[in-house]
Amino acid sequence: MTEHRSAANGHPAEVVLITGASSGFGRLTALTLARAGHAVVAGMRAVAGRNAPVAEEFARLAGTEGLELSTVDLDVRSQESADEAVAETARRHGRLDVVVHNAGHMVEGPAEAFTPEQLADLYDVNTIGAHRVNRAALPLLRERGSGLLVWVGSSSTRGGHPPFLAPYFAAKAGMDALAESGAAELIRFGVGTTVVVPGAFTSGTNHFANAGRPADQARAAAYDHHYGDLRATIADRLAALVPPDADAQDVADEITRVVGLPAARRPFRVHVDPSRDGSEVVSAVADRLRVEFYRRVGIADLLPADAAL
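Overview of the structure. Small disclaimer: the values here were computed from a predicted structure and weren't measured. (Residues numbered from 1 in each chain as written. Predicted model: local features only at pLDDT ≥ 70, side-chain atom pairs only at ≥ 80, totals over all residues. Heavy atoms only, no water.)

### Details of a negative patch on the surface
Part 1 of the reasoning: Taken together, the side chains of Asp73, Glu80, Asp83 and Glu84 make up a negatively charged region of the molecular surface.
Part 2 of the reasoning: Residue contributions to the negative patch peak at three residues, all from helix H3 (residues 79-93).
Part 3 of the reasoning: Along the polypeptide, Asp73 turns up in strand S3 (residues 69-73).
Part 4 of the reasoning: Of the residues examined, Asp73 reaches a relative accessible area of 41% and is grouped as partly exposed. (Patch = residues over 30% accessible without salt bridge, like charges linked within 9 Å, V, L, I, M, F, W, Y side chains within 5 Å. Areas by Shrake-Rupley, 256 points an atom, 1.4 Å probe, with all protein chains shown as cover. Salt bridge = Lys/Arg side-chain N within 4 Å of Asp/Glu carboxyl O. Lys, Arg positive; Asp, Glu negative; His and termini not counted. Charge placed at Lys NZ, Arg CZ, Asp CG, Glu CD. Helix = DSSP H or I, 4+ residues; strand = E, 2+ residues; numbered from the N terminus. Buried < 20%, exposed > 50% of the residue type's maximum accessible area, 1.4 Å probe, protein only.)

If you want it as structure tokens, here you go:
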């Protein structure tokens, strides 16, 4: 069991488990949190297989930079894997303070051409996977009477909705709803919730490069005559909205900032959206409406102090 030092901001270091930490936002966040002084367990699939180079890199950096950074095999599609990863985190560090729900997968193509099984698989990773990790982690956090869930969402949940990404958008919206309602169920246990909302970063992550495609290619081809050119350029159109200085590191920095704040000052929702697709505006309205609704129902005590920010 590790005796933890203080984080770079002077606050006590947190023990953080991150899902989907082999690349993109997850990898950057794992490194940034560890360099800020937190104890980080980076969850990823196939630590001894295809992600072995990432695990080896993390181990090397932990040694050369004196970081509390390690990896654990974690497949969010398996409850057994989630249970084992959480238990191993607690064995290594004596506790668990923060879970960062980052694992996710994107798909691109006409919604009709995705089979129901493909949509179910997408929900399994983006939404149900977070639920599995929560079922493993929340008993520890509830028993301690403290903790934080950080949900890495998407501006697509409430912002612009370009076509041919609908199954991914739907899964991320499901994740957001789970986070939002679940926050009220956890606040009396002292467990906080922050939803971090990245915009459409088209570089610095593998979302677009590794996007899945519809299984029903015949139906997908039926869209080519009317939408072929649009499908071929949708990623470039989104990239054109992103300023040249936009950096995926900004998402990792924001997650690290939130984790380092005192519990009472952690925001409910923050946006990191250089393309400004409107999500921040819609979320501000939606969160204020939720606050008003909770007050009308008489459950305002289930809201954090900054629930409408």
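That was the structure; now back to the text.
### With respect to the pattern of salt bridges
Part 1 of the reasoning: Enumeration according to the criterion identifies 22 salt bridges in this entry.
Part 2 of the reasoning: Residue Asp176 is joined to Arg158 by a salt bridge in which the shortest nitrogen-to-oxygen separation is 3.8 Å. Here the residue Asp176 occupies a position in helix H5 (residues 166-186), and Arg158 occupies one in the loop between strand S5 (147-152) and H5, the gap between them amounting to 18 residues. Of the two residues examined, Asp176 and Arg158, each falls in the buried class.
Part 3 of the reasoning: Beyond isolated ion pairs, a larger network of salt bridges with shared partners links Arg158, Asp176, Glu180, Arg269, Asp287 and Arg290.

### A closer look at the pairing of strand S2 (residues 39-44)
Part 1 of the reasoning: By the criterion of burial, S2 is predominantly enclosed, with six of the six residues buried.
Part 2 of the reasoning: Side chains Ala39, Val41 and Gly43 project from S2 onto one buried face, and the interleaved Val40, Ala42 and Met44 project onto a second face that is buried too.
Part 3 of the reasoning: In this sheet, S2 lies alongside strand S1 (residues 15-18) in parallel orientation, the contact comprising four bridges. The residue of S2 that forms the bridge with Leu17 is Val41.
Part 4 of the reasoning: Crossover S1 to S2 through helix H1 (residues 24-35) is right-handed.
Part 5 of the reasoning: Handedness of the β-α-β unit built from S2, helix H2 (residues 52-65) and S3 comes out right-handed. (Pairing = 2+ DSSP bridges. Right-handed = clockwise from strand over helix to strand, strands pointing away.)

### Structural notes on the layout of surface pockets
Part 1 of the reasoning: The space that makes up the second largest pocket amounts to roughly 410 Å³.
Part 2 of the reasoning: Along its surface, the second largest pocket is lined by 25 residues, and Gly147, Gly190, Val191, Gly192 and Ala263 are the ones closest to its centre.
Part 3 of the reasoning: Mapped by element, the contributors of at least two residues to the lining of the second largest pocket are S5 and strand S6 (191-198).
Part 4 of the reasoning: Here the element with the most residues in the lining of the second largest pocket is S6; it accounts for four residues.
Part 5 of the reasoning: When its residues are assigned to classes, the lining of the second largest pocket shows 13 nonpolar, six polar and six charged. (1 Å grid on protein atoms, 1.4 Å probe; cavity = no way out; pocket = protein on both sides within 12 Å on 5 of 7 lines; lining within 4 Å. Points joined across faces, edges and corners; volume = space filled by probe spheres on them. Nonpolar A, V, L, I, M, F, W, Y, C, P; charged D, E, K, R; others polar.)

### What about unusual backbone geometry?
Part 1 of the reasoning: The phi dihedral of Ala46 is positive, around 50°, even though this residue is not glycine.
Part 2 of the reasoning: Looking at where Ala46 falls in the secondary structure, it is placed in the loop between S2 and H2.

### Brief notes about the packing of H3 against helix H4 (residues 116-144)
Part 1 of the reasoning: The contact between H3 and H4 brings their axes to 8 Å, and the two run at 35°. Of the two possible hands of crossing, H3 and H4 adopt the one that is right-handed. Along its contact with H3, which presents Gln79, Ala82, Asp83, Val86 and Ala90, the element H4 presents Arg132, Val133, Arg135, Ala136, Ala137 and Leu140.
Part 2 of the reasoning: Taken together, the residues that form the contact of H3 with H4 break down as seven nonpolar, one polar and three charged. (Axes fitted to C-alpha atoms, helices over the stretch in contact; angles between N-to-C directions. Left-handed = near helix turned anticlockwise from the far one by under 90°. Contact = heavy atoms within 4.5 Å.)

### A short note on the side chain of Ser156
Part 1 of the reasoning: Relative to the helices and strands, Ser156 is located in the loop between S5 and H5.
Part 2 of the reasoning: Within the structure, the side chain of Ser156 is placed 2.6 Å from the side chain of Ser154, a separation counted as a polar contact.
Part 3 of the reasoning: For Ser156, the contacting residues outside a window of four places in its chain are His161, Phe169 and Asp277. (Polar contact = N/O pair within 3.5 Å; in protein donor to acceptor, adjacent residues only side chain to side chain.)

### Remarks on the sheet that holds S6
By way of backbone hydrogen bonds, the strands of a sheet pair with one another, either parallel or antiparallel.
Part 1 of the reasoning: Taken together, seven strands build an open sheet; the order of strands is S3-S2-S1-S4-S5-S6-S7 and the sheet is parallel. In this open sheet, the two edge strands, each paired with only one partner strand, are S3 and strand S7 (269-272). Neighbour-to-neighbour, the strand axes of this sheet turn through a mean angle of 20°, independent of strand direction.
Part 2 of the reasoning: Across the sheet, H2 lies against S2 and S3, angled at about 155° from S3, the strand it touches most.

### A closer look at the environment of Val196
Part 1 of the reasoning: Of note, Val196 is situated in strand S6.
Part 2 of the reasoning: A relative accessible area of 0% means that Val196 is categorised as buried.
Part 3 of the reasoning: Sequence separation of Val196 and Ala264 is 68 residues, and the distance between their C-alpha atoms is 17 Å.
Part 4 of the reasoning: Those residues in contact with Val196 that sit more than four places away from it in its chain are Val150, Trp151, Val152, Gly153, Val251, Ile255 and Val270.

### Examining the packing of aromatic side chains
Part 1 of the reasoning: Under the defined criterion, the tally for this structure stands at three aromatic pairs.
Part 2 of the reasoning: Measuring from centroid to centroid gives 5.4 Å for Phe164 and Tyr227, while their planes differ by 70°, and the two rings are edge-to-face. Here the residue Phe164 occupies a position in the loop between S5 and H5, and Tyr227 occupies one in helix H7 (residues 224-241), the gap between them amounting to 63 residues.
Part 3 of the reasoning: On the accessibility criterion, Tyr227 (37% relative accessible area) is partly exposed. (Phe/Tyr/Trp six-rings, centres within 6.5 Å; stacked < 30°, edge-to-face > 60°.)

So yeah, pure geometry; function would need other evidence.
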